[in-house]
Protein chains: 2
Amino acid sequence: MKIKINRPFDLHVHLRDGKMLERMVKHTSAHFGHALVMPNTTKPILTAEDAQEYKREICRIAALENLPHFTPLMTIKLVASTTPEIVRQASKAGVIAGKLYPEGVTTNSADGVSNFESLYPVFEAMQECDMVLCLHGEVPGVFVLDREAAFLKTLIDISRAFPNLRIVLEHVTTEEAVETVRLLPYNVSATITVHHLFTTLDDVIGGMLRPHLFCKPVAKTEGDRKALIGAAIGDSMRFFLGTDSAPHLVGKKECSSGCAGVFTAPVAMACLAEIFEQYGALERLQGFTSTFGRVFYRLPPGPGTLELVKEPWVVPAEYDGVVPFRAGETLPWKVL
Amino acid sequence: MKIKINRPFDLHVHLRDGKMLERMVKHTSAHFGHALVMPNTTKPILTAEDAQEYKREICRIAALENLPHFTPLMTIKLVASTTPEIVRQASKAGVIAGKLYPEGVTTNSADGVSNFESLYPVFEAMQECDMVLCLHGEVPGVFVLDREAAFLKTLIDISRAFPNLRIVLEHVTTEEAVETVRLLPYNVSATITVHHLFTTLDDVIGGMLRPHLFCKPVAKTEGDRKALIGAAIGDSMRFFLGTDSAPHLVGKKECSSGCAGVFTAPVAMACLAEIFEQYGALERLQGFTSTFGRVFYRLPPGPGTLELVKEPWVVPAEYDGVVPFRAGETLPWKVL
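So, how was this worked out
Residues numbered from 1 in each chain as written. Chains lettered and ligands numbered in written order. Predicted model: local features only at pLDDT ≥ 70, side-chain atom pairs only at ≥ 80, totals over all residues. Heavy atoms only, no water. 1 Å grid on protein atoms, 1.4 Å probe; cavity = no way out; pocket = protein on both sides within 12 Å on 5 of 7 lines; lining within 4 Å. Points joined across faces, edges and corners; volume = space filled by probe spheres on them. Helix = DSSP H or I, 4+ residues; strand = E, 2+ residues; numbered from the N terminus. Nonpolar A, V, L, I, M, F, W, Y, C, P; charged D, E, K, R; others polar. Expected span 1.5 Å × (residues − 1). Buried < 20%, exposed > 50% of the residue type's maximum accessible area, 1.4 Å probe, protein only. Arc of directions from axis to C-beta. Contact = heavy atoms within 4.5 Å. Buried area = accessible area lost by both parts, 1.4 Å probe. Salt bridge = Lys/Arg side-chain N within 4 Å of Asp/Glu carboxyl O. Polar contact = N/O pair within 3.5 Å; in protein donor to acceptor, adjacent residues only side chain to side chain. Least-squares fit on C-alpha atoms with pLDDT ≥ 70 in both. Phe/Tyr/Trp six-rings, centres within 6.5 Å; stacked < 30°, edge-to-face > 60°. Pairing = 2+ DSSP bridges. Axes fitted to C-alpha atoms, helices over the stretch in contact; angles between N-to-C directions.

Q: In this structure, what is going on with the layout of surface pockets? I would like to understand it.
A: Residue and element names in this part refer to chain A. Its boundaries defined by the atoms lining it, the largest pocket holds a volume of some 430 Å³. In terms of lining, the largest pocket is formed by 21 residues, of which the most central are Arg16, Thr107, Asn108, His248 and Cys259. Take the lining of the largest pocket: its biggest share by element is three residues, from helix α1 (residues 18-31). A per-class count over the lining of the largest pocket returns seven nonpolar, eight polar and six charged.

Structure (structure tokens):
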């Protein structure tokens, strides 16, 4: 059995910087036509210039690797010092989204925001420029499993204050977040990762401790996982793929103070084919991975297609020093 | 400032076997006069003979190390094949408790029990012999944070079916478990660990991943932690110390599939003095760590005392290849 879909779009990926960047451009571009590149690099992407430089570097690597069909879509990180002018310049330079991390919620977010209302002039400028607001929706300091739910009021407040601002609640992990997005107007969407469709907190800490499944937001209950699957395979166009593929070298995961992030780029599409087939929804795989995100971001369909074949393969133990999601497991679907 | 208490009693400790045993006898006997030694060694302690052999080995090490005041108290592991006769023989051989692990809930519990009622003849024999039943109170397969609460019905059932069987719910982690024990008759008690008085799930997975704080049952919420502190410093004699000090070599913790267990033996008493002082309850430290457990287990006060002094010291990064609880931190109280 084979399926062919329009080349997919990863609406949330960490390509990192330095040596890691080269490896990650290769992994993501192997399967995805476009990717929205997160700005929380070691030196964050804060301005039009930063984004342009970062994009040039990504495109340089893609050209070297002979990956002409891969287009990185750029973001800037919204921090306390971001101004409406920075937003306008970034928008002119082709930056399509601004990413907001509450302070301290995940990798490289120590410079995150603690007062959202202080950023309202920035949101106003984003609304005018038609730049998308991407939210890491967690409230720090709250009990770890309640952080996403605690953020939903802020999401509702921002969406009401800026009815024409397109907002993406990133990597939703709870039934409550899914239901909240469903009830909000069409300017609000959500991304869903691959690993949150497969794992619950039980997989991370219920048996042995599994650092390679540890991410933020942490995976929640089986009921939450089922709600995410329902949103991913359902017919709402407001839920689409953002892998949040987040590589960390093995030594940064298997240590006394491990980094958050699951590296899914090389296995994401195979895993999605598996779970969509399991729920009898293979014909919706293109919508979730390729169409819906492009519609929300108002992008034309990208060139090219991706073919998957039902043929077992074993996920390598590591790629370039990074342990991938489902390392060592046999997956039923394979990207051709 | 100094305090002197009767030598404390650790009602729940893992001394392990092989090379680790020598190190652990040294650490526990340095501060504790008696310790109830858990039977989930690599080759489990299942019978009178196993327990006698294990005890001889522990006493041999204690003698070599010149630790004449340390007395190990022995347990057997209750498994599907345990019979009333095994219990009677163990009791005659001086084994004072039987430990029951539900199947697969923690380290070396793959041979644990899945059908509790099938063990009722064993509990009957324990009741007759006056052997204590120690329960790892978690139901496997349930969402990891709900496993202890899900076990409470079994605790109630067993305590009603065997009103003269002394039962210890080990290492309680939830307010619900504390309240359940309070409402049950006096034949039911609970142990509380040191690490559960200090940590919540936020410490394990709320920031970076902290494998050295990962244990079973996993630490729960701040409200649960406060309930444990209330039970530990309170005037109920049915809550007493069982450290569940559970050493794993650093490579078994900092890896892709990490073991559960926190190594607290060398810091337990210092940490307890700190938290009891913080809550103005230093005068109750002796009750929680020395008196109440001995009363429940019907043991005479052991010989000797332990002195603690308020003098800062830094917890070593590791002891014999095992990272201790609060490694690298400065503690205000020190065992003399």
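Q: What exactly am I supposed to notice about helix α2 (residues 48-64) of chain A here?
A: Residue and element names in this part refer to chain A. Along its 17 residues, α2 runs 24 Å from first to last C-alpha, staying within 8% of the 24 Å computed at 1.5 Å per residue. Looking at α2, one finds that the buried residues are Ala48, Asp50, Ala51, Tyr54, Ile58, Ile61 and Ala62. For α2, the arc enclosing every buried residue in end-on projection is 160 degrees, short of the 170-degree limit, so these residues lie on one face. In α2, those exposed residues whose orientation departs by more than 90 degrees from the buried face are Glu53, Arg56, Ala63 and Leu64. Turning to α2, the residues buried within the fold contact α1, β3 (34-37), β4 (71-78) and α3 (84-92). Of the residues trailing α2, Asn66 is marked for its positive phi of about 60 degrees.

Q: It is not clear to me how the interface of chain B and chain A should be interpreted in this structure. Could you clarify?
A: Reports often express the size of an interface as the amount of accessible area lost when the parts come together. On the chain A side, the residues contacting the 26 residues of chain B number 26 residues. Interface area for chain B against chain A, summed over the two sides, is near 2,300 Å², with a carbon-plus-sulfur share of 65%. On the chain B side of the contact with chain A, Phe143, Ile205 and Leu209 of chain B bury the most area, a combined 27% of that side's loss. Put simply, chain B and chain A have two salt bridges between them. Here Arg147 of chain B makes a salt bridge to Asp202 of chain A, at a shortest N to O gap of 3.5 Å. Joining chain B to chain A, the criterion identifies ten residue pairs in polar contact (both at pLDDT 80 or more). Among the elements that line the side of chain B that touches chain A, the one with the most residues is helix α8 (residues 201-206) of chain B, at four residues. Considering only residue class, the side of chain B that touches chain A consists of 13 nonpolar, seven polar and six charged.

Q: How should I be thinking about the relation of the copies chain B and chain A in this particular structure?
A: Copy one and copy two of the chain differ by a rotation about an axis and a translation along that axis. If you rotate chain B by 180 degrees and push it 0.0 Å along the axis, it lands on chain A with an RMSD of 0.0 Å. Overall, the copies show the geometry of a two-fold rotation axis. When C-alpha distances to the rotation axis are compared across chain B, the minimum falls at Glu254 of chain B, with a value of 2.4 Å. When the interface residues of chain B are mapped onto chain A, 100% of them again fall at the interface, so both copies present the same face.

Q: Help me understand the packing of aromatic side chains, please; the structure alone is not making it clear to me.
A: The geometry of an aromatic ring pair comes down to the distance between the two centres and the angle between the two planes. Following the criterion strictly, the structure yields 21 aromatic pairs over all chains and no others. An angle of 80 degrees between the planes, with centres 5.0 Å apart, marks the rings of Tyr120 of chain B and Phe162 of chain B as edge-to-face. With Tyr120 of chain B in helix α4 (residues 120-129) and Phe162 of chain B in the loop between α5 (147-161) and β7 (167-169), this pair connects stretches of sequence that are 42 residues apart. Aromatic ring contacts, followed pair by pair, group Phe9, Phe240, Phe296 and Tyr297 of chain A into a single cluster.

Q: How do you make sense of the sheet that holds strand β10 (residues 305-314) of chain A when you look at a structure like this?
A: Across a sheet, paired strands are connected by hydrogen bonds in the backbone, their directions being either parallel or antiparallel. Residue and element names in this part refer to chain A. One open sheet holds the three strands; their spatial order is β1-β10-β11, and the pairing between them is antiparallel. Each end of this open sheet is capped by a strand with a single partner; those strands are β1 (2-6) and β11 (330-335). Averaged over all pairs of adjacent strands, the angle between their axes in this sheet comes to 30 degrees, without regard to strand direction. Summarising the sheet, β1 and β10 pair through five bridges and their orientation is antiparallel. The partner of Asn6 across the bridge, within β10, is Thr305.

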